[in-house]
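# Structural overview
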Amino acid sequence: MKSSRRSFVAVAGVSALGMASLRTLSVAAQSESPYTLGDGSVLTWSDPWTLRESGMVDGLGEFAMLISGQATLAVGNLSAPMTTDNALNAMGIVATPVSGGESQTVDANGTVVSEVEHSLSVWKDDLDQVFSVLIQITDGVKATSLFAPVEEFAPTVESVQAAVALNGVPVLDGFGRDDIQTDLDAGVTMLASGQEPTVADAQAGSGGEYTDGSGNMHVTWPEGWTIISFNLDGIELQNPEQTVILNMQVSAFDGLGWEEVAQEYMDWLAGDQGPDATMTSHIVTPTGFSFATDGEFGLRLVQGVATADDLDHYISVFTSDMFAEGADAVAILEQIQADIRINDEAPLQGMDAFIDMSGS
């Protein structure tokens, strides 16, 4: 399945914690909704959620812990800025990442006013029951986490959205059931197969790297590029100037050839780009395809390339949110080719020829 227009996983707006912290919380003196956190934020809830405990969690901060069946929801504030990986480590949970990402809210002057990071992981307990952990951190300190059995996770997210709010805003608002279920299904398969995506920061000042769950795609990037989202199949990066998002993912041929795969992408993007979209003709070779569209989500340079040695899968690369034309678009493409490496090769090679064609 191809990603949504903007990211693999819908980004919401809160963050971190989990079951491992229960023993460090004091017994709640106040068990009825609402509950006021130390910073003045007001947490409200209704059935089937109840407040189990609240207070300071060693190594993390102040949290209110709600429960519903086997699910645990923690909402609060970290004592010090953390990443989602930091939070998982502080909780003592060794989980396998399934998907994740970052987002920013920018004001009219282009100033970043809020940043959100989230991650979705799977974890198997000693009885081989699979749980999922969703952590979200806003501005490094406002944190929410949800911990539940994987088979109940997607409906549990919907339950949280319907019944729990922080300052009147539904907690975990923005996460879609279908997106989460798709990622969790892949996560269960991944645990059974031993495959997993790898996302890592390189040495300070030198960027990061990603490998998909199948091992067919290894991506590296320099400092300044931001991970917008990732999952088992691919990753989206944004350049430092925020003038382009680069989507890279591994997909199965499912018995199709390059011509049929290219046509699928053209059909999908023709609808996705809005009623006024323009599109070039596509070029198909024995090892890939290329074409471009322009429309609602900017100039999209689209390319499919072969993996190193897996004949059942291919790598797709395309741009979005690239609202540039002519020389400016060429400059962005050159930046991508200079900064990004996919299996040690620059992406979107030869795509400069499509830039002027896309508007015709």
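Residues numbered from 1 in each chain as written. Predicted model: local features only at pLDDT ≥ 70, side-chain atom pairs only at ≥ 80, totals over all residues. Heavy atoms only, no water.

### Some words on the overall build of the protein chain
Regarding its fold elements, the protein chain presents 6 helices and 23 strands. For the protein chain, buried positions account for 49% of its 360 residues. Nonlocal contacts in the protein chain, meaning residues at least 24 apart in sequence, comprise 56% of its contacts between residues at least 6 apart. Summing over all exposed atoms, the protein chain offers an accessible surface of approximately 15700 Å²; the carbon and sulfur share of this is 49%. (Helix = DSSP H or I, 4+ residues; strand = E, 2+ residues; numbered from the N terminus. Buried < 20%, exposed > 50% of the residue type's maximum accessible area, 1.4 Å probe, protein only. Contact = heavy atoms within 4.5 Å. Areas by Shrake-Rupley, 256 points an atom, 1.4 Å probe, with all protein chains shown as cover.)

### Details of the nonpolar core
Among the nonpolar cores identified, the biggest contains 31 residues, and L43, W49, L73, L146, F153, V164 and V171 are the most heavily contacted of them. The greatest single-element share of this core, amounting to 5 residues, is contributed by helix 2 (residues 153-163). M248, M322, L333 and L348 belong to the second-largest nonpolar core, a separate cluster that totals 30 residues. (Core = buried A, V, L, I, M, F, W, Y, C linked by side-chain atoms within 4.5 Å.)

### Details of the pattern of salt bridges
For the structure shown, the criterion picks out 2 salt bridges. One salt bridge connects K142 with D39, and the closest N-O pair in it is separated by 2.9 Å. Of the two residues, K142 sits in strand 9 (residues 142-149) while D39 sits in the loop between strand 1 (35-36) and strand 2 (42-45), which places them 103 residues apart along the sequence. Given the relative accessible area of 40%, D39 is considered partly exposed. Residues E53 and R52 are paired through a salt bridge, measuring 3.7 Å at the closest nitrogen-oxygen approach. Judged by its relative accessible area of 10%, E53 is buried. (Salt bridge = Lys/Arg side-chain N within 4 Å of Asp/Glu carboxyl O.)

### Digging into unusual backbone geometry
Omega for the bond connecting D47 with P48 falls within 30 degrees of zero, at 10°, which places this linkage in the cis form. By the element assignment, P48 lies in the loop between strand 2 and strand 3 (50-57). A positive phi angle, near 70°, is found at D344, a position not held by glycine. By secondary structure assignment, the location of D344 is in the loop between strand 23 (341-342) and helix 6 (352-355).

### Focus on the packing of aromatic side chains
Evaluated as defined, the whole model comprises 10 aromatic pairs. With centroids separated by 5.7 Å and ring planes inclined at 65°, the aromatic side chains of W258 and Y314 adopt a geometry described as edge-to-face. Linking W258 in helix 4 (residues 258-272) with Y314 in strand 22 (residues 313-320), this pair joins segments that are 56 residues apart in sequence. Counting every residue linked through ring pairs, the aromatic cluster contains F253, W258, Y265, W268, F289, F291, Y314 and F318. (Phe/Tyr/Trp six-rings, centres within 6.5 Å; stacked < 30°, edge-to-face > 60°.)

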